[in-house]
Every structure is written in structure tokens, then in C-alpha cells.
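Coordinates in review
Residue-level listing of the chains:
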Amino acid sequence: KLEVEQIEITYLYSKKTGEVEIVYVDTEGNELLKEEISGKVDEAYSIKAKEIEKYRLVETEGEVDGEFGLEKQIVKFVFEKIKGKITINFVDKDGNILFESVVTEGEIDEEYYYEALEKEGYEIAENAKIEVKYIDGEIIIDVVYEKIELPEPPATGDINVVLYIMLALGSAIVLSRKVQNFSKK
């Protein structure tokens, strides 16, 4: 005789795991950072972009709020390098613009050097040489020029003949010689 014994079998089921790949790239497509999160299929997820120093988030591709699925999902955050701006104005002591400003852009913390140009009839009073680093924002610098005043000759009598020699660096040297019995006619 065959005896049959009853056996109880218990099956444990668990939901499959889903994955979301999170990729951080710059505007040229270069990978900056990559990570993955996982959870049970149909479980909700929410992703917030991390901050990356010297970069600004400009675009998001994929679902940042959703549910894990059977297939791997991809979320891509696109960042651009933050650029700074430097504007150099060329003005006289009264703030009048003497010539066109120089405007440049560069990466944050990049060093910028500028040596002011000479302007005929003027000498540089402030900011002849500029050395700064780009920041997140704009730096405005005024290069201030001062007009070189030439003396008026006397109307009659003894006169000093004055010769101004402008050097390449913009400074003036005054040479004088006294001339006797000179009169204006």
C-alpha cells in the first residue's frame, strides 16, 4: 500500500528590480559624472540634479519623476561651464568715453591681464595694468586718462621755447631753452 503524505510548499515572490542611470554631461557631451539608482518595479523615484562647481544646469533629458520599470531608464543632465565677463572702459577724469570698451569672457578663476593703451594727448591716471580673475558675473574696470595740458606761450618779450617729446610710454619730458628778444608779429 502506498501512503501519500501531504506537503505544504510556500513560494515567496518579490518584484524585480528596476534601474535608472543618471548621467551628467557638459554641452559638448563630455561625461562629468555618472551614477545609478535602483528600486522595485513600479516603485516611485524622484531625481534632483547635483550641483557641479563652475557649471550651470541648462537641460534635462528623461523622466526625473517616475516609476522604476523592467527596462533601464536614463536621465541626462546637461551642464554648461559658467563664464565670467570683464568690461574695460576708457574714460577721462570726468567720465567721458575716450574710445571703445574692451569686453572679454573667460572661465571662472581664469586669470586675465591687460595693459592699457596710450592715447595721444593723455596720460594714464588709473589702472594702467590690470590683473584679475573671472568671476560668475561681470567685472567692470575704468582705465582713467588725464589730459596733458600744454602751456600757452607769452604774447611778447622773452619766451621759453618748449619742445615736448612724447615717449613710447606716454610720459612727457619738457626741454626748454631761453630765447632773447623774441616778439610776436
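Residues numbered from 1 in each chain as written. Predicted model: local features only at pLDDT ≥ 70, side-chain atom pairs only at ≥ 80, totals over all residues. Heavy atoms only, no water.

Regarding the pattern of salt bridges
Throughout the structure, instances matching the rule amount to 11 salt bridges. Lysine 34 is the partner of glutamate 21 in a salt bridge, and the nearest nitrogen-oxygen pair spans 4.0 Å. One end of the pair, glutamate 21, is in strand 1 (residues 17–26); the other, lysine 34, is in strand 2 (residues 31–40), and 13 residues separate them in sequence. Two residues, glutamate 21 and lysine 72, come together in a salt bridge whose shortest N-O distance is 3.5 Å. Taken as a pair, glutamate 21 in strand 1 and lysine 72 in the loop between strand 5 (65–67) and strand 6 (73–81) lie far apart in primary sequence, 51 residues in all. Here glutamate 21 falls in the buried class, since its relative accessible area comes to 12%. Judged by relative accessible area, which is 42%, lysine 72 ranks as partly exposed. Salt bridges linked by common partners bring Glu19, Glu21, Lys34, Glu36 and Lys72 together as one network. (Salt bridge = Lys/Arg side-chain N within 4 Å of Asp/Glu carboxyl O. Helix = DSSP H or I, 4+ residues; strand = E, 2+ residues; numbered from the N terminus. Buried < 20%, exposed > 50% of the residue type's maximum accessible area, 1.4 Å probe, protein only.)

Some points on the environment of alanine 44
Relative to the helices and strands, alanine 44 is located in strand 3 (residues 44–46). As for alanine 44 and glycine 69, which are separated by 25 residues in sequence, their C-alpha atoms are 9.7 Å apart. Residues contacting alanine 44, with those up to four places away along its chain left out, are Gly66, Glu67 and Phe68. (Contact = heavy atoms within 4.5 Å.)

Examining the packing of aromatic side chains
Under the counting rule described, the total for this entry stands at 8 aromatic pairs. Between the aromatic rings of tyrosine 24 and phenylalanine 77, the centroid separation amounts to 5.3 Å while the plane-to-plane angle is 35 degrees, which identifies the pairing as tilted. Taken as a pair, tyrosine 24 in strand 1 and phenylalanine 77 in strand 6 lie far apart in primary sequence, 53 residues in all. With 5.1 Å between their ring centres and 50 degrees between their planes, tyrosine 45 and phenylalanine 68 make a pair best called tilted. On the criterion of sequence distance, the pair formed by tyrosine 45 in strand 3 and phenylalanine 68 in the loop between strand 5 and strand 6 is long-range, its members being 23 residues apart. Residue classification places tyrosine 45 among the buried positions, given a relative accessible area of 7%. Pairwise contacts between aromatic rings join Phe90, Phe99, Tyr114, Tyr122 and Tyr145 into one cluster. (Phe/Tyr/Trp six-rings, centres within 6.5 Å; stacked < 30°, edge-to-face > 60°.)

Observations regarding the environment of serine 46
Within the element layout of this structure, serine 46 appears in strand 3. Taking the C-alpha atoms as reference, serine 46 lies 6.6 Å from glycine 66; in sequence the two are 20 residues apart. When near neighbours in sequence (up to four residues on either side) are disregarded, serine 46 contacts Val64 and Asp65. Only 2.5 Å separates the side chain of serine 46 from the side chain of aspartate 65, close enough to count as a polar contact. (Polar contact = N/O pair within 3.5 Å; in protein donor to acceptor, adjacent residues only side chain to side chain.)

Describing the confidence of the model for the protein chain
Taken residue by residue, the protein chain gives an average pLDDT of 82. The fraction at 70 or more is 81%. Across residues 159–185, confidence stays below pLDDT 50; counting only partners more than four residues off in sequence or on other chains, it has 46 contacts. (pLDDT = per-residue confidence, 0-100.)

Concerning the sheet that holds strand 12 (residues 138–147)
One open sheet holds the 4 strands; their spatial order is 8-7-12-10, and the pairing between them is mixed. Both edges of this open sheet fall to strand 8 (97–107) and strand 10 (122–126), since each of them pairs with a single strand only. Taking the axes of each pair of neighbouring strands and ignoring which way they run, one obtains an average angle of 25 degrees across the sheet. As judged from the 8 bridges shared by strand 7 (residues 83–92) and strand 12, these two strands associate in the parallel manner. Pairing of lysine 85 across the sheet is with glutamate 138, part of strand 12. (Pairing = 2+ DSSP bridges. Axes fitted to C-alpha atoms, helices over the stretch in contact; angles between N-to-C directions.)

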